[in-house]
Each structure stands twice: as C-alpha cells, then as structure tokens.
Amino acid sequence: MTPGERFDQDEVLRFGDPWHGLYRNGVIELPNATTRAPGSSPSSGSSFAIQIPGQPAATTPTEDAAQGMTWLNYAIMTGDDHAVYGRPMGNNAWIYIDADGVPWRAVLTGSSGTMTITLHRFGLFDTAEETYSDSISFVWISGQDMKVDDVDSTGRNAALVFRDASSSVQRVFLLTLSGPGATFTVVVEDETPDPLVSVDAYSFPDSIWGAGWHRTDELDITGPYPFDNYGNLVGAPSGGSVSKALPLMAHYSSTTTTIVGASLVGDTFALVTFTTYAETLSVTTVDMGNLFNIDYYYGPLGAYFPPYHRVTTVTGFERISLAGFDTEVSNEWSGEEWKWPPFDDSETDETYHWVDSTYVTHVVSPIEIDGHVEPAPLSQWSSGGSFSNGALRGVRVANRAYGLDVSGGPGSGTRFFVCGPADNGFSISPDTGSAISNATTHPISGDFVTGSTTVCWV
Amino acid sequence: MSGKDLTEALRALTEAGQGTEAASPPAMKTRGAAGISRGSALPEGGSTSGIASPLVETAYANRTFHSNTTITSSDGLFTLIIKPVKTIKFKDAASRDVTIEFKAPA
C-alpha cells in the first residue's frame, strides 16, 4: 500500500486489537458478556504483556464497549509460540521495546559457541526491513532444550531455561537487551543455583541411633552401639560377635529443593522452585531376650540379628514457590516391618509384602497427599517426594502457572494443584483433577483461571 | 372604410362603454408596492467562465502533499504513515484547469 493512497480523506479514530478477555472453550469471553471467535487459538495458557513505557492511556468509548471492545495501551502476546495479533513468532522470538520506545521483533538463535539476538523493526507497513544483530559467547550443551519461560513487559528481559530429556531443569539464564535498536546490546547472566538440587538433612536430637550389640566369646553381651559409615559398631570391643538391628529411634528430616522454571512476574526475575519436605520417625523394638538370632539368609543386617518390629511414619509437604507465592499440600504415610515376624505369609493379606521368609513389610496407611490416596498399597518405604512409586514433580503449565504432578507409577498423571503468583487451584478429589489441567495468569491484573481445556488471557 | 367596418367599430366602442370589468385593464399599483426581484441569464454554449463536469484528475503524480503524519495503534505497536493530500489538479470537460486544495489535518 502506498502511503496516503488509502486514507487520503478518511479519519482513523482508533486502530489495533480491541478484542480482549479470557479465551476459554474456543472463544473469547468479552466484557459485555458476549463471546467472539479468536483469530487463532492460543497454543497454551501463557500470556505476556507488551507495554511501551509512556504509551498514553487508552479509553474505550461507550459505543465500542457495548460491542465488547476494550482498547488497551498495551498488547498481549499469547501462548508459548508467542503469538502477537494472532500470529505466532515462535518461542525463540518476542517483542523488544528499545530505549527509545520503539518496538522490535527480537529473535534468538544459536550456533556453536555463540548466542545471537537479531532485531527486526516491528509494526511499520511498506517499509524496508531494518535489522540489527548482537552476539555473545555461549556454551550450548547437547541434550538440553532451551525454552523462553517468561518475558517481561518490555521484552528487555527474558528467562531462558534449559531442560533435559526428562524435563528436569539443568540451567537457567537471564537475558537482557538494552539500548536503542540500532546500537542495542545483549547480556546473558547465569542464574543456575549451585547446587542445582539443594538437600538439607537434619537429625532430631531425640534419635537413638544405637542398633548393634557385641558378644564376647564368653557370651557377655553389651550394647546397643551405633554404626559407623562402614557398618562397624562404634565403641564396641574388638573380637567376638556382632548382632545388628535397626536404630531404636530414627528421627530425621530431609528438605529437597529443585528448580522447575523461571518467571518475570512484575518484571522481576525469580526462579520457580519445588520443595519437598519429609520428616521420618521410625521406632524399633527388639526381642531383647534373643539378641543373637542366626540369620540363615545372611540378610542386610549381618549373620546375627534380634527379631524386631519397626513402625515408621512420614509427614511433610510439597510446595511450589512462584514469585514469592507458596502453594503446598501436606502428605502423610505410615508402615511397619518385621524381622522374624510372629506369623507366616498364610496369615497376611495383600498389604503385607514378604521380602523373604523372615522379613515382611506392611503398609499401615498408604501415602496420602491432600486427600489423594495412592491407588495401590506400596511395598516400599516412602521417604517423601514419591507417590504410588511415581516421583512428585513441579511442572510448568504456562509462563506464570505451575502444577504439582506425579510422574511414573500407577498414579502417573495425578495433578494435586496448579498455582500462579497470587492464586491457586486444587483438585477437589483424587479422580477429578482435569479441571486444573490448564491455567493462565493475566500479565497485568494477575487474575488466575484454571480449566479442563486451554485457557488464556488474550 | 366600408359600412360593415364602421358598424363593427361602433359595436366595439358601445360594449366598451358598457364597462365589462373582466375586460378592463388592471388598476395601476401605488408607488413602491412592487417587491424586490432579480433576473439572470445563464450563458449558452461557447461561454468563457465556470466548471463543466466531469472533472478528471490530470495525473496522480501531480498531487501535492502536506507533511507526513502518523497514526499509531492504541497499544503503540503498529504505525501507519500517512501523507495527507494538499492539492489535486483536474481538467474539466472543456479542458480547463481546476485545482482542489485541502487543509492539513489537525
């Protein structure tokens, strides 16, 4: 179109995209309580604001509002394919507002040892393309996929997250663009925590780690003694025989924190973390009158052992922290086990698991997380962070929405909750988690919505 | 004058003298009673002023323009560059030059 050719005599009052609302069930829900088919459907619940600093406020005339229009002084980029005005640019591209307030399409590409950002002038019609590039040294690692997890409102900051084939976060970077388009610069800072997975273990002072007894050749028995890291009794006399049980009272906790993504809520960079906490209390009682029983199977405890009974309970929580907002569920589990049980396998049901003819475990209470009970009793002890033989994981649902899922095992696919930076939604029962399969957070208002199909603020 | 002509003339004079009103001339109006009126006469073919339809633009290239103006979408992302028309030149049906001048948009 030749400039001036089409608008010689026309008056353009407003132009842009006035169709804003919640995309749900395939339509945009407009503020006048009507719906409108979108130009194209968002690929996910990710929703980003594109805000030019100082852009004048926009007002919506009554006659436009009556039609469901809303004129905004910012644009919205939707989906993880970064669609603007319904046209996807790709996950590796976004809109950069330069230091002069001019919009550019920034495209990230990589080659061996280099990361390059190329700017393309955005929003002009019938104008020769104007592009500029800047490159930095960057180490790409085979097997790690990069994803632009979030972009701030000016596109000057982008969170780059690298995940391995199992979707576990490996590296996180904050990419910053600055300056006018023609002379812009790119900087990438490594935000990967060290260590990548943080484990904090604690032993409560009421623990009694003693678990072994010593018997001299003269049959004098002393103990209990604690084990060292090699399984030797600490403080016991040399020579003679040793009988091992389990610690009489093991009381300890473990806090494990992993990274599940990165966000730029309110234009502030933050890692999204998943923390699982488990406090374990195991109380063991032994047959003090039969401390040196011969273990014919020569199991893990050694040649001699006292018959014992151990009861273990595990309590804790799983938490996702997104932009300083925590969402968590509690968990609890208990079980018991015997060495030399006072019964045989003909007297037990399916909740008893025989390891060998002298060693049996029994699930007293299947693990329960926020009302979800594992679908099948487990034969293994839980130490937190697991559910029905599956691993509990924090997963990215959208740029500002994360969920707690089970990966693997018979409970695979269970979603306990989905959360945003200011709100969350929980499954209302173990089998009806589909309503929280999808979620979206409005990039300006923070309004958080969940849905069984794709929802997205547009 | 023949006798018939004379008779006819006498009859006419007699009827006039009997005063038939419809046939009388109107009374003269008083001075100043007449309203204001103007007359005009349009020129016929071959006149030398005015515009004859149709007007046909001489050439797009002959247009002149005001300085460029821009219109931006409410979100600021998209910009239209518009050059407002200042003058357009025409020829009318009589090949006379006609120019339309536009004001710059406010």
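What you are looking at is a predicted structure, and each value in this text was computed from that prediction instead of being measured. (Residues numbered from 1 in each chain as written. Chains lettered and ligands numbered in written order. Predicted model: local features only at pLDDT ≥ 70, side-chain atom pairs only at ≥ 80, totals over all residues. Heavy atoms only, no water.)

A. Geometry of the overall build of chain A. Within chain A, the secondary structure is distributed over one helix and 36 strands. Across its three principal axes, chain A shows a C-alpha extent of roughly 115 × 50 × 30 Å. Per-residue burial for chain A yields a buried fraction of 47% across its 458 residues. Considering only intrachain contacts with a sequence separation of at least 6, the fraction spanning at least 24 residues in chain A is 53%. Within the structure as shown, chain A displays about 20,900 Å² of accessible surface, and the carbon and sulfur contribution to it stands at 51%. (Helix = DSSP H or I, 4+ residues; strand = E, 2+ residues; numbered from the N terminus. Buried < 20%, exposed > 50% of the residue type's maximum accessible area, 1.4 Å probe, protein only. Contact = heavy atoms within 4.5 Å. Areas by Shrake-Rupley, 256 points an atom, 1.4 Å probe, with all protein chains shown as cover.)

B. Just the packing of aromatic side chains, in detail. One pass over the structure, following the stated rule, counts 18 aromatic pairs over all chains. Each ring, one from Y60 of chain B and one from F65 of chain B, has its centre 6.5 Å from the other, and the planes form 50 degrees; the classification is tilted. Using a relative accessible area of 37% as the deciding quantity, one classes Y60 of chain B as partly exposed. On the accessibility criterion, F65 of chain B (24% relative accessible area) is partly exposed. Within the aromatic cluster, the residues linked to one another by ring pairs are Y85, F122 and F125 of chain A together with F78 of chain B. Over the ring of Y304 of chain A we find R215 of chain A; its NZ or CZ atom is 5.4 Å from the centre of that ring. Taking the ring centre of F65 of chain B as reference, the NZ or CZ of K83 of chain B above it sits at 4.4 Å. (Phe/Tyr/Trp six-rings, centres within 6.5 Å; stacked < 30°, edge-to-face > 60°. Lys NZ or Arg CZ within 6 Å of the ring centre and 35° of its normal.)

C. Representation of the sheet that holds strand β14 (residues 169-178) of chain A in the model. All names here are of chain A. Spatially, four strands are ordered β12-β13-β14-β15 in an open sheet, and the strand pairing comes out antiparallel. Of all the strands in the sheet, the pair left with one neighbour each is β12 (145-151) and β15 (185-190). In this sheet, adjacent strand axes meet at a mean angle of 25 degrees when their direction is disregarded. Pairing geometry for β14 and β15, over six bridges, is antiparallel. Directly across from F173, in β15, lies its bridge partner D190. (Pairing = 2+ DSSP bridges. Axes fitted to C-alpha atoms, helices over the stretch in contact; angles between N-to-C directions.)

D. Examining the interface of chain A and chain B more closely. The interface is formed by 25 residues belonging to chain A together with 16 residues belonging to chain B. Both faces considered, chain A and chain B share a buried interface measuring about 2,000 Å² in area, 65% of it formed by carbon and sulfur atoms. The interface formed by chain A and chain B includes zero salt bridges. The interface formed by chain A and chain B holds five residue pairs in polar contact (both at pLDDT 80 or more) in total. A per-class count over the side of chain A that touches chain B returns 18 nonpolar, six polar and one charged. (Buried area = accessible area lost by both parts, 1.4 Å probe. Salt bridge = Lys/Arg side-chain N within 4 Å of Asp/Glu carboxyl O. Polar contact = N/O pair within 3.5 Å; in protein donor to acceptor, adjacent residues only side chain to side chain. Nonpolar A, V, L, I, M, F, W, Y, C, P; charged D, E, K, R; others polar.)

E. Looking closely at the nonpolar core. All names here are of chain A. Ranked by size, the top nonpolar core spans 37 residues in total, and within it W94, I117, L160, L175 and L177 carry the most contacts. With five residues, the top contributor of residues to this core is strand β8 (residues 93-97). Sequence-distant contacts of L177, defined by excluding residues within four places in its chain, comprise W94, Y96, A106, I117, G155, R156, F184, T185 and V186. Within the second largest apolar cluster, 19 residues are counted, among which are A278, L404, V406 and F416. (Core = buried A, V, L, I, M, F, W, Y, C linked by side-chain atoms within 4.5 Å.)

F. Structural detail: the confidence of the model for chain A. In this model, chain A carries a mean pLDDT of 90, and residues with pLDDT of at least 70 account for 93%. Contacts from residues 1-7 of chain A, a stretch scored under 50 in pLDDT, to residues over four places away or in other chains number eleven contacts. (pLDDT = per-residue confidence, 0-100.)

G. Region of the structure containing the pairing of strand β4 (residues 47-50) of chain A. Residue and element names in this part refer to chain A. Residues S47 and A49 of β4 are buried on one face, and the alternating residues F48 and I50, pointing to the opposite face, are buried as well. Pairing of β4 with strand β5 (residues 75-78), which is carried by four bridges, proceeds in the antiparallel orientation. Within β5, the position partnered with I50 by the bridge is A75.

H. Main features of the sheet that holds strand β10 (residues 114-121) of chain A. Residues and elements named next belong to chain A. An order of β8-β9-β10-β11 is seen for the four strands of this open sheet, with the pairing classed as antiparallel. The two strands at the open ends of the sheet, each matched to only one other strand, are β8 and β11 (131-137). Across this sheet, the average inter-strand angle for adjacent strands is 30 degrees, counted without regard to direction. In terms of strand pairing, β8 meets strand β9 (residues 103-111) through five bridges, oriented antiparallel. Each residue of the ladder has a partner; that of A93, found in β9, is V107.

I. View of the pairing of strand β5 (residues 85-91) of chain B. Residues and elements named next belong to chain B. Two strands pair when backbone bridges link them, and strand β1 (residues 56-57) and β5 are joined in this way by two bridges, in the antiparallel orientation. Note on β5: the bridge partner recorded for V56 is K91. The pairing of strand β2 (residues 64-65) with β5 spans two bridges and is antiparallel. Across the sheet, T64 pairs through a bridge with T87, a residue of β5. Taken together, the five bridges between β5 and strand β6 (residues 97-101) define a ladder with antiparallel strand orientation. When the sheet's bridge partners are listed, T87 is paired in β6 with E101. The antiparallel pairing of β5 with β6 creates a hairpin that spans five residues between the two strands, and S95 there sits at a positive phi of about 65 degrees.

J. Expanded view of the confidence of the model for chain B. Residues and elements named next belong to chain B. Across chain B, pLDDT averages 75, with 54% of residues at or above 70. Highest mean pLDDT in chain B belongs to β1 (96); lowest belongs to helix α1 (residues 3-17) (56). In this model residues 19-23 is a low-confidence stretch, pLDDT under 50, and it forms one contact with partners more than four residues away in sequence or in other chains.

K. Summary view of the pattern of salt bridges. All names here are of chain A. Enumeration according to the criterion identifies twelve salt bridges over all chains in this entry. With a closest N to O distance of 2.8 Å, R400 and D150 form a salt bridge. In this pair, R400 is assigned in the loop between β30 (390-398) and β31 (401-407) and D150 in strand β12, connecting sequence segments 250 residues apart. On the basis of relative accessible area, R400 is assigned to the buried category, the value being 5%. Residue D150 is classed as buried on the basis of its relative accessible area, which comes to 0%. Of the charged contacts in the structure, one is a salt bridge between E328 and R319, with a shortest N-O distance of 2.8 Å.

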